[in-house]
Amino acid sequence: MTDTRYQRIQRKQPEELRSARWFGPDDLRSFGHRSRIMQMGYAPEDWAGKPIIGILNTWSDLNPCHAHFKHRIEDVKRGVLQAGGFPVELPAITLSESFMKPTTMLYRNLLAIEAEEQIRAHPVDGVVLMGGCDKTTPGLIMGALTAGLPFIFMPAGPMLRGNYAGQQLGSGSDAWKYWDERRAGTITAQQWLGVEGGIARSYGHCMTMGTASTMTAIADAMGLTIPGASSIPAPDSNHIRMAAACGRRAVEMVWEDLRPGQIVTERSVRNATIVAMATGCSTNAVIHLLAMARRAGVKWTLDDLDALSRDVPVIANIRPSGSTYLMEDFFYAGGLLGLMSQLREKLDVDCLTVMGETLGEAIEDAPVYNDDVIRPLSNPVYYEGSLAVLRGNLCPDGAVIKPSACEERFQKHTGPALVFDSYPEMKAAIDDENLDVTPDHVLVLRNAGPLGGPGMPEWGMLPMPKKLLKEGHRDMLRISDARMSGTSYGACVLHVAPESYVGGPLAFLKTGDLISIDIPNRSLNMLVDDAELERRRAEWKAPEPRFERGYGWMFSKHITQADQGCDFDYLTPEFGKAAGEPDIY
């Protein structure tokens, strides 16, 4: 192990603070800055010689996952003040997974741009990022990585377990489950209403191992949070104390000049990937991890993810990959620190965290209180990692499936395609009880990728046909260039790349074509000969553009495909250097 503490020979001096460029000089411009901050009632004693900490807050009235941020911002500010800093709140776009349509993925990169520019343009020395709802975690971190100032991520935390009629309910997972039962006629409207009122009982993000819990765990494992912070339930008083601790630590990071480039490295990205696989992570982790890594200059690929998936078993018995438990149980069982202690032999424990200490120190003697919730490596929930990357003539640039959340019979399967070009077309068909479909059919939805969706909506867990539900079936093979919610489950192949909208092979598939999947051998193919595929390719016509102006037009011109992380091409380090410090005249 390396030295136990991030050693810094000198701490910054007050005159070296970035914010001193705004407030320090004895000139007219700084007079303007000082007079305007005094206009808000502050005195020099509030800011002079102190680190100014920007707090990027993604609260809004339409984000239930962040409903408590209206209060947590005060806890973060309290911590900043305790450590001798000066806190300033900078509101950021909220990306409410529940309410933004067609999908928050359309706006993840907009949040990344906003975060980067807010940090660069304002007189701040360090930053606390307040996020948690799915895309807010990667969006904020992507922007902050590019900006390069010291930052710490404050995770929103999972909500409490759901409950109805004495039964635990899991976010998303039980919505899909009971909706299928409602369509099959096995539960009443009154029972459905009870589930609706009991599935989300507090503020906080989804309490299954969905995208929100996955991405905050990834941030934690990458070293960007107070170690273990991602597991704390949002309503728990520990969460309030953690928020204040984030404020205090942000001040210290400024004095220490501890920057993200020292924390997010290829080794820490590898750690984050290992932890994600062990948690039974959301399939969305693939896209976000690729984008986050590349913002840090780490060339991480689908092949890197798949290689680690084959080596790392799922040891978090959390739904939907697990059978019983939820994030509240995970916290009580030891949380992410306990899980990482079980993975210690696979992790690079010398990686640095925002605490200035190593990951090894963070997980030293971290206990596990319930080894059914957090399993040892010798007794996993699933023998390989959560995700598998498939390739073949249907997805030459890759596709993703979550083997741990689908029926065993779909490890290897061949069946005829039933193809839909739009979600409304598919929805109308599956509710038709006379639909010509069997459990061996493969449902296919196309034109739902980054450009086709637009924004790659979470439509990939295609609903089961009502006919099959009434026959007692609850899973079938489904394929799309869409994403799916991390709370979803089933034999769903996602992120087919290149997408059909840009002329990927999925565009040439026809109803009745046989599709063959072999998860152990990582293959996905349509059994159509090359000559026929070329004939279909020649006949294909590109669809009309989704947007003719505005942000959507810009998105369409610059979004990359799923296998590249769906970042804008001009935001990656390969495109050019990040902007320097702003001129102040």
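Residues numbered from 1 in each chain as written. Predicted model: local features only at pLDDT ≥ 70, side-chain atom pairs only at ≥ 80, totals over all residues. Heavy atoms only, no water.

Student: So what about the overall build of the chain? Which residues, and what values?
Tutor: Each helix and strand in the chain was counted, giving 20 helices and 14 strands. Taken over the C-alpha trace, the chain has a radius of gyration of 24 Å; the compact-globule value for 585 residues is 25 Å, and the two agree within 12%. Projecting the C-alpha coordinates of the chain onto the three principal axes gives extents of approximately 80 × 55 × 50 Å. When the 585 residues of the chain are sorted by exposure, 59% land in the buried category. Looking at the chain as shown, the accessible area adds up to about 22200 Å², and 52% of this sits on carbon and sulfur atoms. (Helix = DSSP H or I, 4+ residues; strand = E, 2+ residues; numbered from the N terminus. Rg over C-alpha atoms; globule rule 2.2 N^0.38 Å. Buried < 20%, exposed > 50% of the residue type's maximum accessible area, 1.4 Å probe, protein only. Areas by Shrake-Rupley, 256 points an atom, 1.4 Å probe, with all protein chains shown as cover.)

Student: Residues and numbers for the pairing of strand 10 (residues 442–445), please.
Tutor: Of the two faces of strand 10, the one holding Val442 and Val444 and the one holding Leu443 and Leu445 are both buried throughout. Both strand 9 (residues 412–420) and strand 10 contribute to a ladder of four bridges, which runs parallel. Paired with Val419 across the two strands is Val444, which belongs to strand 10. One ladder, built from four bridges, connects strand 10 with strand 11 (residues 477–480); its direction is parallel. (Pairing = 2+ DSSP bridges.)

Student: Could you give an account of unusual backbone geometry, with specific residues and numbers?
Tutor: The residue after Lys101, namely Pro102, is reached through a cis peptide bond having omega 5°. With respect to the helices, strands and loops of the structure, Pro102 is situated in the loop between strand 2 (86–91) and helix 5 (108–121). The step from Arg319 to Pro320 runs through a cis peptide bond, and the omega angle for that step is 10°. The topology assignment puts Pro320 in the loop between helix 13 (302–311) and helix 14 (327–333). At Asp257, a residue that is not glycine, the phi angle is positive and equals roughly 55°. Here Asp257 shows up in the loop between helix 10 (237–256) and helix 11 (266–279). Of the residues examined, Asp257 reaches a relative accessible area of 29% and is grouped as partly exposed.

Student: Describe helix 11, listing the residues and the values that go with them.
Tutor: Between the first and last C-alpha of helix 11 there are 20 Å, a value that for 14 residues agrees with the 20 Å anticipated at 1.5 Å per step. With eleven of its 14 residues buried, helix 11 lies for the most part within the structure. Those residues of helix 11 that sit buried are Ser268, Val269, Asn271, Ala272, Thr273, Ile274, Val275, Ala276, Met277, Ala278 and Thr279. Turning to helix 11, the residues buried within the fold contact helix 9 (211–221), helix 12 (284–295), helix 13, helix 15 (335–342) and helix 16 (359–363). Gly280 lies just past helix 11 and shows a positive phi near 75°. (Expected span 1.5 Å × (residues − 1). Contact = heavy atoms within 4.5 Å.)

Student: Go over the packing of aromatic side chains, please, and point to the residues and values.
Tutor: Inspection of every chain in the model, using the stated rule, returns eleven aromatic pairs. Centre to centre, the rings of Tyr551 and Phe555 are 6.3 Å apart; their planes meet at 55°, and the pair counts as tilted. Taken together, the residues Tyr551 and Phe555, both in helix 20 (residues 550–558) and four residues apart, mark about one turn of the helix. An aromatic cluster is built from Tyr107, Tyr551, Phe555, Phe568 and Tyr570, whose rings are joined through pairwise contacts. (Phe/Tyr/Trp six-rings, centres within 6.5 Å; stacked < 30°, edge-to-face > 60°.)

Student: Tell me about the nonpolar core, residues and numbers included.
Tutor: One recurring pattern in soluble globular proteins: nonpolar side chains tend to sit buried together. In terms of nonpolar packing, the biggest core is built from 107 residues, with Val128 and Leu339 touching the most fellow members. Here this core takes nine residues from helix 10, the largest share from any one element. Residues within four places of Leu339 in sequence aside, it is in contact with Val275, Ala278, Thr279, Ile315, Ala316, Phe330 and Ile374. Listed in part, the 45 residues of the second largest apolar core include Ala429, Met464, Met476 and Ile519. (Core = buried A, V, L, I, M, F, W, Y, C linked by side-chain atoms within 4.5 Å.)

Student: Break down the pattern of salt bridges for me, citing the residues and quoting the values.
Tutor: One pass over the full model with this rule turns up 40 salt bridges. A salt bridge links Lys135 to Glu458; its shortest N-O distance comes to 3.7 Å. Of the two residues, Lys135 sits in the loop between strand 3 (126–131) and helix 6 (136–147) while Glu458 sits in the loop between strand 10 and helix 18 (466–470), which places them 323 residues apart along the sequence. Residue Glu458 is classed as partly exposed on the basis of its relative accessible area, which comes to 24%. Ionic contacts of the salt-bridge type, sharing partners, join the residues Glu97, Asp134, Lys135, Glu458 and Arg483 into one network. (Salt bridge = Lys/Arg side-chain N within 4 Å of Asp/Glu carboxyl O.)

Student: So what's going on with the sheet that holds strand 1 (residues 52–57)? Residues and values would help.
Tutor: Strand order in the open sheet formed by four strands is 2-1-3-4, with parallel pairing between adjacent strands. Each edge of the open sheet is held by one strand with a lone partner, namely strand 2 and strand 4 (151–155). Neighbour to neighbour, the strand axes of the sheet diverge by 20° on average, direction disregarded. Pairing of strand 1 with strand 3 involves five bridges; the strand directions are parallel. Paired with Leu56 across the two strands is Leu129, which belongs to strand 3. (Axes fitted to C-alpha atoms, helices over the stretch in contact; angles between N-to-C directions.)

Student: Now, about the environment of Val127: what can you tell me, with residues and values included?
Tutor: Among the structural elements, Val127 can be located in strand 3. Measuring from C-alpha to C-alpha, the distance between Val127 and Ile55 comes to 5.7 Å, with 72 residues separating the pair along the chain. Setting aside residues no more than four positions away along its own chain, Val127 makes contact with Ile53, Gly54, Leu56, Ile119, Pro150, Phe151, Ile152 and Ala250.

Student: Could you give an account of the pairing of strand 1, naming the residues involved and the relevant values?
Tutor: Of all six residues in strand 1, six are buried, a share of seventy percent or more. On strand 1, burial covers both faces: Ile52, Gly54 and Leu56 on one face and Ile53, Ile55 and Asn57 on the other are all buried. For the crossover that starts at strand 1, traverses helix 4 (residues 69–82) and ends in the parallel strand 2, the hand is right-handed. (Right-handed = clockwise from strand over helix to strand, strands pointing away.)

Student: Quick one: what's the story with helix 6, residue by residue and with numbers?
Tutor: The end-to-end C-alpha separation of helix 6 is 16 Å, in line with the 16 Å expected for twelve residues at 1.5 Å each. What helix 6 keeps buried is the set Thr136, Thr137, Pro138, Gly139, Leu140, Ile141, Met142, Gly143, Ala144, Leu145 and Thr146. Just downstream of helix 6, Gly148 is the residue with a positive phi angle, here 85°.

Student: Kindly report on the side chain of Thr216, identifying the contributing residues and their values.
Tutor: Inspection of the secondary structure puts Thr216 in helix 9. Contacts of Thr216, omitting those with residues within four sequence positions, involve Gly132, Thr137, Phe153, Pro155, His205 and Ser230.

Student: Break down the environment of Ser171 for me, citing the residues and quoting the values.
Tutor: Tracing the sequence through the fold places Ser171 in the loop between strand 6 (167–169) and helix 7 (173–184). Residue class for Ser171 comes out buried when judged on its relative accessible area of 4%. Each C-alpha atom of the pair Ser171 and Met215 lies 16 Å from the other, and the pair is 44 residues apart in sequence. Not counting residues within four places of it along the chain, the set of residues in contact with Ser171 comprises Met159, Ile199, Cys206, Met207, Thr208 and Thr487. Polar contacts involving the side chain of Ser171 include one to the main-chain amide nitrogen of Met207, which spans 3.2 Å. (Polar contact = N/O pair within 3.5 Å; in protein donor to acceptor, adjacent residues only side chain to side chain.)

Student: Explain the environment of Asp421 residue by residue, including any values.
Tutor: In this structure, Asp421 sits in the loop between strand 9 and helix 17 (423–430). Distance from Asp421 to Ala507, taken between C-alpha atoms, is 8.9 Å for residues 86 residues apart in sequence. Once residues lying within four places of it in the same chain are set aside, the contact partners of Asp421 are Arg446 and Asn447. A polar contact of 2.5 Å, which involves the side chain of Asp421, links it to the side chain of Arg446.

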